[in-house]
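# Structural overview
Listed here are the chains, written in short residue letters.
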Amino acid sequence: MAENISTMTMAPVIAAEVFEIEVAFVTPYKLSTGTLTATRAVLLKLTDADGVEAWGEANPNEAFTGESSGDAARALKEALLPAVLASASPEPGRIDAVLDALLPKHLCAKGAVSMALLDLLGKRLRVPVATLLGGTLRNSLPVLWPLNNGTAEDDIRVIDERAAQGFSSFMLKMGASPVRDEVRRVATLEARYGKRVALIADANQGWSRDEAREFLDGVSGSQLAFVEQPVVKDDLEGMALLASGRTLPISADESVVGLAHAAQIAAHRAASVFSIKSSKNGGPLRAQRIAAVAEAFGIRCYMNSMLEFGITQAASLQHAVTIRNLVDFGHAYMSTLRLAEDPTDFSSFVRDGVVHLPSTAGLGIQVDESHVRRLAVDSFILGAQR
C-alpha cells in the first residue's frame, strides 16, 4: 500500500487490469447439470492515483448466471471500467448506481468492480470492508462441506474425513438421481449420524414440481435444515406451493439474482431462506440490500458460493459478519479448499471447520499477483500502462 495517501476519501482509479483465470478442482464436482473438473473466474486489479491497489472477482457460470467469463470480461472492458476510470472520486455506492444505469444485467462483472472499490476504500481508510458495511456482529462462522450427487456410501466417506477436520454441516447435491433414492440417501445418513452432523439438500433446479413434492413428502420427518432450489428458478408459484403448509424450509438460490427478484420471492412467500452469493448478486453492496429485504420479510440468509477464488470468498465473508438474519448452519467458505490452487491466502482463514474474519484493512486478503499472471488464460489493461 502506498505510504502517502491523500486526504481524499477516494482518489481516481488510473489503471484497471483484468485477468481471466482457470484452475482445476482437486476432486471433480458432480451437479445436476453435469460434472465440473475446473472453474474459471475474472479477477480485477484496480490502482488509484495514490498507488493503492485493490482486487475484485467475477464468477459467472452460464448454467447458473447466463453469462460466461468471456462475457464478464467484455462487459468490463467495453462499458464498466471506462466509467470507473472516468470518475474523479469513485465511491463504491455511487459507482454501483452509475454502472446499473449504464448497462443492464452483468451482475457478476459489476460485482467485481464493487468488491475492488470497497477493497480500495477500506485500504484508504485503514478499516475492514465489514466496517464500511455497518460493522461486525461476529468474527467467525461455521463452514459447510458440499457432497457430490451420489450415494450415501459416497457421502459417508467424505463426511467421516471432513468431520475429523472439524466440519459438521454438509450440503447434499441432488437432482440427478431418482427421488426415491435421494429420500433413502437422507434416511441412511441420518440413521448413521443422528444430530452429530447437519444436512441440507440442494437440487440445483433439478426437479419438476411433482418430483420436489415427492422428495419433501419423503423427508418430512427428517432433520434437514432446508431444501435449496428444488425447481427451476422462474417457477415462483411452484416454490410457493411447495413451501406452503410445510415445516421444512425452502431456500431460493438461482431464483435470487437481483433486488427485484428478492422482492418477488418474498411477495410470493416462495422461500424462507435466501442463498446469498456475493458475485452472482453483484457485489457486497447489492447483496446487502437483498439481505435487508430478507430480514424485512422474516427470511433468513445462507451465505453460498459460486466455485470461487479467495477474493469473492473474502468479499462474501466481510458482508456475512454484518448480517443479523443468518441461518444457524455452516456457510459456503470452503471453495478455495476445493481448488488445486488459489492465488490468495483465504484458505488460511478456515481452521477446524470455522472461517475467521481477518483484521486487516479492505477485504483482508493477500493476492499473489505473480500467481494470478501464471494462471491467466487471457488478460488486458486499461488506463496507465506499467
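Our structure's up above, just so we're on the same page.
At Leu 76, helix H2 (residues 69-85) shows its largest bend, some 50°. Along H2, the residues classified as buried are Ser 69, Gly 70, Ala 72, Ala 73, Ala 75, Leu 76, Ala 79, Leu 80, Leu 81 and Val 84.

Another point: the pairing of strand S10 (residues 273-276). The alternating pattern of S10 places Val 273 and Ser 275 on one face and Phe 274 and Ile 276 on the opposite face, and all of these are buried. Here strand S9 (residues 250-252) pairs with S10 via two bridges, running parallel. When the bridges of S10 are listed, Ala 252 appears paired with Phe 274. Pairing between S10 and strand S11 (residues 300-303): four bridges, direction parallel. Note on S11: the bridge partner recorded for Phe 274 is Cys 301. Taking the sense of rotation as the criterion, the β-α-β connection linking S10, helix H11 (residues 284-296) and S11 turns out right-handed.

To continue, consider the layout of surface pockets. Taken as a whole, the largest pocket encloses approximately 550 Å³ of empty space. Contributing to the lining of the largest pocket are 24 residues, with Lys 105, Leu 107, Val 257, Gly 258 and His 261 lying nearest its centre. Broken down by secondary-structure element, the contributors of at least two residues to the lining of the largest pocket are helix H1 (62-65), helix H4 (107-125), helix H10 (259-268) and H11. Here the residues of the lining of the largest pocket are counted per class, giving seven nonpolar, eight polar and nine charged.

A separate point is unusual backbone geometry. Note on backbone geometry: most residues besides glycine have negative phi, and most peptide bonds are trans. One non-glycine residue with positive phi stands out, namely Asn 204, at about 50°. Topologically, Asn 204 is positioned in the loop between strand S7 (198-202) and helix H8 (209-218). The buried category is assigned to Asn 204, whose relative accessible area is 5%. Phi at Gln 205 takes a positive value of approximately 70°, unusual for a residue other than glycine. Its location among the elements puts Gln 205 in the loop between S7 and H8.

Each value, and the rule that gives it
- Residues numbered from 1 in each chain as written.
- Predicted model: local features only at pLDDT ≥ 70, side-chain atom pairs only at ≥ 80, totals over all residues.
- Heavy atoms only, no water.
- Bend = angle between axes of the 7 residues up to and from the residue.
- Helix = DSSP H or I, 4+ residues; strand = E, 2+ residues; numbered from the N terminus.
- Buried < 20%, exposed > 50% of the residue type's maximum accessible area, 1.4 Å probe, protein only.
- Pairing = 2+ DSSP bridges.
- Right-handed = clockwise from strand over helix to strand, strands pointing away.
- 1 Å grid on protein atoms, 1.4 Å probe; cavity = no way out; pocket = protein on both sides within 12 Å on 5 of 7 lines; lining within 4 Å.
- Points joined across faces, edges and corners; volume = space filled by probe spheres on them.
- Nonpolar A, V, L, I, M, F, W, Y, C, P; charged D, E, K, R; others polar.

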